[in-house]
Amino acid sequence: MPPPRVGQRATAHAPKPERIISRMTVKLRRVRQYGGAEPGRTLMFTFEGGTRRAERSLNSFIDKDRVPEFEGEEAWFEVEEVSGKPWAFWRAVRRVEPPGDA
């Protein structure tokens, strides 16, 4: 007869590493709060395209905490789409020079 189980396992499952889905160079635009208690506060950043699952959306969004600080309202960045739970997200990796055709 096997011994009785002692509740949960002794070791937890190892977390899965992040997986990069895609990378590209885009112009990020700052979206600010107008009015309210904190006018001028950065809410998020947007760029054209990017999301392939929501084809009806013209813009993709990046959380303000996932973009390095920069001056001005827009700048060029290398961004990457990261596989995450419960859904994938975008983050800015580094600031770059604009492409030649921009």
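Note: the structure precedes this text.
Because the structure is a prediction, the values reported are computed rather than measured.

**Some remarks on the sheet that holds strand E4 (residues 74-83)**
Piece 1. With antiparallel pairing, the five strands of this open sheet are ordered in space as E3-E2-E1-E4-E5. Of all strands in the sheet, those bounded by a partner on one side alone are strand E3 (59-63) and strand E5 (89-95). Each neighbouring strand pair of the sheet contributes to a mean axis angle of 45 degrees, computed without reference to strand direction.

**Some remarks on the packing of aromatic side chains**
The description of an aromatic ring pair uses the distance of the two centres, along with the angle that the planes make with each other.
Piece 1. Within the structure shown, the criterion is met by three aromatic pairs.
Piece 2. Judged by centre distance (5.6 Å) and plane angle (45 degrees), the rings of phenylalanine 45 and phenylalanine 70 are tilted. Residue phenylalanine 45 is located in strand E2 (residues 42-48), and its partner phenylalanine 70 is located in the loop between E3 and E4; the two are separated by 25 residues in the primary sequence.
Piece 3. For phenylalanine 70, a relative accessible area of 7% translates into the label buried.
Piece 4. A connected cluster of aromatic rings, assembled from ring pairs, spans Phe45, Phe70 and Phe77.
Piece 5. Just above the ring of phenylalanine 70 sits the side chain of arginine 30; from NZ or CZ to the centre is 4.6 Å.

**A closer look at the pattern of salt bridges**
A side chain with one charge can pair with a side chain of the opposite charge if their charged atoms come near.
Piece 1. Under the defined criterion, the tally for this structure stands at nine salt bridges.
Piece 2. Of the charged contacts, one joins arginine 23 and glutamate 80 as a salt bridge, the two residues approaching to 2.9 Å between their closest N and O atoms. Of this pair, arginine 23 sits in strand E1 (residues 19-32) while glutamate 80 sits in strand E4, and the two are 57 residues apart along the sequence.
Piece 3. According to the relative accessible area criterion, arginine 23 is exposed, its value standing at 52%.
Piece 4. Accessibility expressed as a relative area gives 5% for glutamate 80, which makes it buried.
Piece 5. Across the salt bridge formed by arginine 94 and glutamate 78, the nearest N and O atoms sit 2.8 Å from each other. Taken together, the positions of arginine 94 in strand E5 and glutamate 78 in strand E4 put the pair 16 residues apart, joining distant regions of the chain.
Piece 6. Where salt bridges share partners, they join Glu18, Arg23, Glu78, Glu80, Arg91 and Arg94 into one cluster.

**Side note on the pairing of E4**
Piece 1. Where burial is concerned, most of E4 is hidden: eight out of the 10 residues are buried.
Piece 2. Pairing of E1 with E4 involves 10 bridges; the strand directions are antiparallel. Residue pairing in the sheet places arginine 29 in a bridge with glutamate 74 of E4.
Piece 3. Here E4 runs beside E5; their pairing, made up of six bridges, is antiparallel. Bridging from a neighbouring strand, phenylalanine 77 pairs with arginine 95 of E5.
Piece 4. Between the end of E4 and the start of E5, which pair antiparallel, lie five residues.

Parameters at a glance
Each chain has its residues counted from 1, following the order in which its sequence is written. Given that this is a predicted model, residues contribute local features only at a pLDDT of at least 70 and side-chain atom pairs are listed and counted only at 80 or more, while totals for whole chains, interfaces and linings are drawn from all residues. Side-chain measures here rest on the full set of heavy atoms in the structure, leaving out hydrogens and waters. Should DSSP find at least two bridges between two strands, the strands are taken to pair. Counting from the N terminus, the helices are DSSP H or I runs at least four residues long and the strands are E runs at least two residues long. Lines fitted to C-alpha atoms define the axes, with helix axes restricted to the stretch in contact, and inter-axis angles between N-to-C directions lie between 0 and 180 degrees. Pairing of aromatic side chains here covers Phe, Tyr and the six-membered ring of Trp, requires ring centres within 6.5 Å, and sorts the geometry by plane angle: under 30 degrees stacked, over 60 edge-to-face, intermediate tilted. Here's how the labels work: a residue is buried when its accessible area is under 20% of the maximum for its type, exposed when over 50%, partly exposed in between, all with a 1.4 Å probe on protein chains only. In this scheme, the term charge over a ring applies when either NZ of a lysine or CZ of an arginine sits within 6 Å of the ring centre and within 35 degrees of the ring normal. We define a salt bridge as a contact between a side-chain nitrogen of Lys or Arg and a carboxyl oxygen of Asp or Glu at a distance within 4 Å.

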